[in-house]
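Read off the chains here:
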Amino acid sequence: MKMYRDVSFVFTLLFAAQLSTAAEPLTLGPDGTRRELFVDGHLIANMSGGAKQHLHRPEAKEVVLTTDAPWEGNTSAYYTIFRDGDLFRMYYRASHWDTEAKKATHREVTCYAESRDGIHWVKPKLGLFEFNGSRANNIVLDGLGTHCFVAFRDGNPDSPPEARYRGIARGRPVGKKGLFIFESPDGIHWKLTRNEPVITEGAFDSQNLAFWDAHTGQYREYHRTFVNGVRAIMTGTSSDFSHWTKPVLLAYQEGIPEQHLYTNAVQPYARAPHLFIGFPTRYLPDEGQRVEPTLMISRDGIRFYRWLEPVVPESAPKDRDGNRSNYMAWGLVEIPGRPNHLSVYATEAYYTGPDSRVRRFEYRKDGFVSIRAGAKAGELITKPFTLGRLAERLMVNYQTRKGGAIRVAIEEPNGQAIAGYTLSDSKPLKGDLLQQQVAWTAGGDISHLRRNHPAVRLRFELKNADLFSLQFQPWLR
């Protein structure tokens, strides 16, 4: 498959270029306070003993939505969920398929639900569109774009009030196949922004999405395509949401198997906005057309590190082992009363019905991947990095189990010890904390190290423990 080989070759060249400059220390953001997760190999120089990267799965929680209204049904799909102040908003396609007659029982429409807690959702009677003689429904879009409409609140400070919310969806009018864009002042009343599709290269029969990337100051979009019959993902950028760059295929680490991937669920990770977290669907056509969400991470929006294990397996409760019955919704939100966790949502009971369902799942914050060691202790050594001007103390997100602990050393890039900051000087970290300051016999304030140590590395010793992320912060004064 030539196109895939070309992308892989480019990725290999870029990776080689990074290795060629490996002697240059990393920077952790402009002031040294960027949070780093261990979701890829960016910060990792070496792991030994029992230390390894471990992919975590979110914990299954309650069903939050059932598509049991007459205008909904067993093929309702492509859910978008985001927090908007104190309100959670959800958009989805409502549709139903008669499995015996093998045909749709009614037209597709886009529906809206809202919640105050991310768990209990209300389908408001909006009165906007008629269905079976009544406007007492939660339909917000009817006609063009309803197959896979995705909405978001636009964080662009220059976006006008009438486009406070934006949408993107597939349209198929004669001669105008592609992605159309929409706008709304309130997230309820929508209109087309342009009568022409803004993206035409690709295949769009799934959840395609776009958002404002505040980290780089531009819009990004991710959509489906095919390469020699294999489902794949493309991306492009825009300064105004109307004019987009030519889309390019995503690239992955060398040696990763070629698999069907779509419904990408990519978004910036709010706790570390330089990272893009995606939950692409892996399609398994030889296994009863099953689908399962996986995890991928990027630092530039194009090159992604993919994890191969599913994050929501078919064994997660329940009814997700059938045809198209296990998609991840686009959304990663913190809900009230769960300040240490993030919620994601996934579908179940597609086709089998009589209705489909959305279930909430829960991650620990930063808890996608950890550096883990069991009873056999292990060590992680980071790549060298510079201490930024605000790097005055080291905070870590970690969890230990019975008999477990983590110790941390700050070293010269070549591994030479720094007096007062060796493993034996480190006060053992125990317990379960999202944010804990590391302390040594020399204290916890490391700001003075910048004067004599332009670059350092960290050595972590772990036993019965998980390390999720680290961040340097200013000293509290």
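Residues numbered from 1 in each chain as written. Predicted model: local features only at pLDDT ≥ 70, side-chain atom pairs only at ≥ 80, totals over all residues. Heavy atoms only, no water.

Asks: Let's hear about the overall build of the protein: which residues, and what values?
Replies: Each helix and strand counted, the protein has two helices and 35 strands in total. The principal-axis extents of the C-alpha atoms in the protein amount to approximately 80 × 50 × 45 Å. Taken across its 477 residues, the protein has 56% of its residues classed as buried. Once local pairs closer than 6 in sequence are excluded, the contacts in the protein between residues at least 24 apart make up 63%. In the structure as shown, the protein presents an accessible area of about 19800 Å², 51% of it carried by carbon and sulfur atoms. One finds the centroid of the 61 positive side-chain charges in the protein at a distance of 2 Å from the centroid of its 53 negative side-chain charges. (Helix = DSSP H or I, 4+ residues; strand = E, 2+ residues; numbered from the N terminus. Buried < 20%, exposed > 50% of the residue type's maximum accessible area, 1.4 Å probe, protein only. Contact = heavy atoms within 4.5 Å. Areas by Shrake-Rupley, 256 points an atom, 1.4 Å probe, with all protein chains shown as cover. Lys, Arg positive; Asp, Glu negative; His and termini not counted. Charge placed at Lys NZ, Arg CZ, Asp CG, Glu CD.)

Asks: Which residues make up the environment of Gly73, and what values go with them?
Replies: Residue placement: Gly73 occurs in the loop between β4 (59-66) and β5 (77-84). When its relative accessible area of 4% is taken as the criterion, Gly73 is described as buried. When the C-alpha positions of Gly73 and His56 are compared, they lie 32 Å apart, and in sequence the two are 17 residues distant. With residues up to four places along the chain from it excluded, the contact list for Gly73 reads Thr67, Ser95, His96, Pro354, Asp355 and Ser356.

Asks: Tell me about the side chain of Asp213, residues and numbers included.
Replies: Checked against the element boundaries, Asp213 lands in strand β16 (residues 209-213). Among the residues examined, Asp213 registers a relative accessible area of 1% and is labelled buried. A distance of 2.6 Å separates polar atoms of two side chains, one belonging to Asp213 and the other to Thr216. (Polar contact = N/O pair within 3.5 Å; in protein donor to acceptor, adjacent residues only side chain to side chain.)

Asks: So what's going on with the sheet that holds strand β21 (residues 260-262)? Which residues, and what values?
Replies: Spatially, β21-β24-β25 is the arrangement adopted by the three strands of the open sheet, whose pairing is antiparallel. With one partner strand each, in any of the chains shown, β21 and β25 (290-293) form the two edges of the open sheet. Taken over all neighbouring pairs, the strand axes of this sheet differ in orientation by 30° on average, direction set aside. The pairing of β21 with strand β24 (residues 281-284) spans three bridges and is classified as antiparallel. Of the residues in β24, the one forming a bridge with His260 is Tyr283. (Pairing = 2+ DSSP bridges. Axes fitted to C-alpha atoms, helices over the stretch in contact; angles between N-to-C directions.)

Asks: I'd like a description of the sheet that holds strand β29 (residues 357-364), backed by residues and values.
Replies: An order of β4-β29-β28 is seen for the three strands of this open sheet, with the pairing classed as antiparallel. Strands at the two margins of the open sheet, each flanked by one partner only, are β4 and β28 (341-348). In this sheet, neighbouring strand axes are inclined to one another by 30° on average, regardless of whether the strands run parallel or antiparallel. Relative to β29, β4 is paired through five bridges, and the arrangement is antiparallel.

Asks: Provide a residue-level description of the state of the cysteines, including the pertinent values.
Replies: The full count for this structure, using the stated rule, is zero disulfides. Not engaged in a disulfide, the cysteine Cys111 finds its nearest cysteine sulfur in Cys148; these two sulfurs lie 15 Å apart. By relative accessible area, Cys148 is classed as buried at 1%. (Disulfide = S-S within 2.5 Å.)

Asks: Summarise the nonpolar core; cite the residues concerned and give the values.
Replies: Ranked by size, the top nonpolar core spans 49 residues in total, and within it Tyr222, Tyr269, Phe279, Leu295, Phe304, Val311 and Phe368 carry the most contacts. When sequence neighbours within four positions are dropped, the list of residues in contact with Phe279 reads Thr263, Asn264, Ala265, Thr294, Leu295, Val311, Met328, Val344, Tyr363 and Phe368. (Core = buried A, V, L, I, M, F, W, Y, C linked by side-chain atoms within 4.5 Å.)

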